[in-house]
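Geometric and topological summary
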Amino acid sequence: MKRTILVVEDERLSRTVIVATLESHGLHCIAAENGQQALELLTIRHCDLILTDLTMPIVDGVAFIETVRKREKLIGSNPIPIIVFSKEKSDMINEAKKLGISDFFIKSISIDKLVPKIKFLLGEIVWEHHCNPH
């Protein structure tokens, strides 16, 4: 069974491009246009990873992540890996880091570059980390 990624992005074109790109790499996506819609989806759908914008109307990314983490603690479930994507590095990313995100990604970089990280977090590939032992 394919793993499911929840894409939370208020800009329709960006959301469409992200979902299409991830699905072209064999990943299954569901999408929400803001944090409130994403929280509602999470009550009826399981997801294995969340990819979320921070600056959104109704419920922003930080409030969304905070609510997800509170729900996980309440029901005693393991934290869902969350990757934040944003137009720029900001205080909101620092707030999201404090809430336990897995990673962040700047939107100006091609979404294709994020696919290996997503597959690693989903346990579909082993992250190849080459280091010099000296």
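What comes next concerns the included structure. (Residues numbered from 1 in each chain as written. Predicted model: local features only at pLDDT ≥ 70, side-chain atom pairs only at ≥ 80, totals over all residues. Heavy atoms only, no water.)

1. Some remarks on the layout of surface pockets
As a reminder of what qualifies: Using protein atoms alone on a 1 Å grid, points that fit a 1.4 Å probe yet trap it form a cavity, whereas open point sets bounded by protein on both sides within 12 Å along at least five of seven lines form a pocket; residues with an atom within 4 Å of a point count as lining. Grid points are joined across faces, edges and corners, and a volume is the space filled by probe spheres set on the points. Here a strand is any run of E in DSSP of at least two residues, a helix any run of H or I of at least four, and the numbering for each starts at the N terminus. Residue polarity is assigned by list, with Asp, Glu, Lys and Arg as charged and Ala, Val, Leu, Ile, Met, Phe, Trp, Tyr, Cys and Pro as nonpolar; anything else, Gly included, falls into the polar class.
Taken as a whole, the largest pocket spans an internal volume of roughly 270 Å³. Lining the largest pocket are 14 residues; nearest its centre among them are Leu 42, Glu 72, Ile 75, Ser 77 and Ile 80. With four residues, the single largest contributor to the lining of the largest pocket is helix H3 (residues 61-75). Taken together, the residues that form the lining of the largest pocket break down as seven nonpolar, three polar and four charged.

2. Quick notes on the pairing of strand S1 (residues 4-8)
Defined as follows: Under the scheme applied here, a residue whose accessible area is under 20% of the maximum for its type counts as buried, over 50% as exposed, and between as partly exposed, the area being computed with a 1.4 Å probe on protein chains only. Strand pairing is defined by DSSP finding a minimum of two bridges between the two strands. Think of it like this: strands point away, you trace from the first strand over the helix to the second, and a clockwise trace means the crossover is right-handed.
Burial within S1 is extensive, with five of its five residues counted as buried. Residues of S1 alternate between two faces, with Thr 4, Leu 6 and Val 8 on one and Ile 5 and Val 7 on the opposite face, all of them buried. Pairing analysis gives five bridges linking S1 to strand S2 (residues 28-32), with the strands arranged parallel. Within the sheet, the bridge partner assigned to Ile 5 lies in S2 and is Cys 29. Running through helix H1 (residues 12-24), the crossover from S1 to the neighbouring parallel element S2 is right-handed. Inspection of the sheet shows S1 paired to strand S3 (residues 49-52) by four bridges, in the parallel sense. Residue Val 7 lies in a different strand from S3, and its bridge partner there is Leu 51.

3. Re the pattern of salt bridges
How we decide: By definition, a salt bridge exists where a carboxyl oxygen of Asp or Glu is found within 4 Å of a side-chain nitrogen of Lys or Arg.
Under the definition given, this model contains four salt bridges. Among the ionic pairs, Glu 66 bridges to Lys 70, the shortest N-O distance being 3.9 Å. Of the two residues, Glu 66 and Lys 70 both sit in helix H3, four residues apart, roughly one turn of that helix. Among the salt bridges present, the one from Asp 103 reaches Lys 117, with a minimum N-O distance of 3.4 Å. Of this pair, Asp 103 sits in strand S5 (residues 103-106) while Lys 117 is found in helix H5 (residues 115-121), placing the two residues 14 residues apart along the sequence.

4. Some remarks on the sheet that holds strand S4 (residues 82-86)
Selection rule: Interaxial angle, 0 to 180 degrees, is taken between N-to-C directions of lines fitted to C-alpha atoms, where a helix line uses only the stretch in contact. By definition in these notes, contact holds between two residues if any of their heavy atoms fall within 4.5 Å.
In spatial order, the strands read S2-S1-S3-S4-S5; together these five strands make up an open sheet with parallel pairing. The outermost strands of the open sheet, each flanked by one partner alone, are S2 and S5. If you compare each strand with its neighbour and ignore which way they point, the axes differ by 20° on average. Helix H2 (residues 35-44) rests against S1, S2 and S3 of the sheet, and its axis sits at about 130° to S2.

5. Here we look at the environment of Val 68
In this structure, Val 68 sits in helix H3. In this structure, the C-alpha to C-alpha distance between Val 68 and Glu 40, residues 28 residues apart in sequence, is 11 Å.

6. Side note on the pairing of S3
Burial along S3 is two-sided: the residues Leu 49 and Leu 51 and Ile 50 and Thr 52 are all buried. When S3 meets S4, the two strands line up parallel, connected through three bridges. Directly across from Leu 51, in S4, lies its bridge partner Ile 83. A crossover links S3 with its parallel partner S4, the connecting element being H3, and its sense is right-handed.

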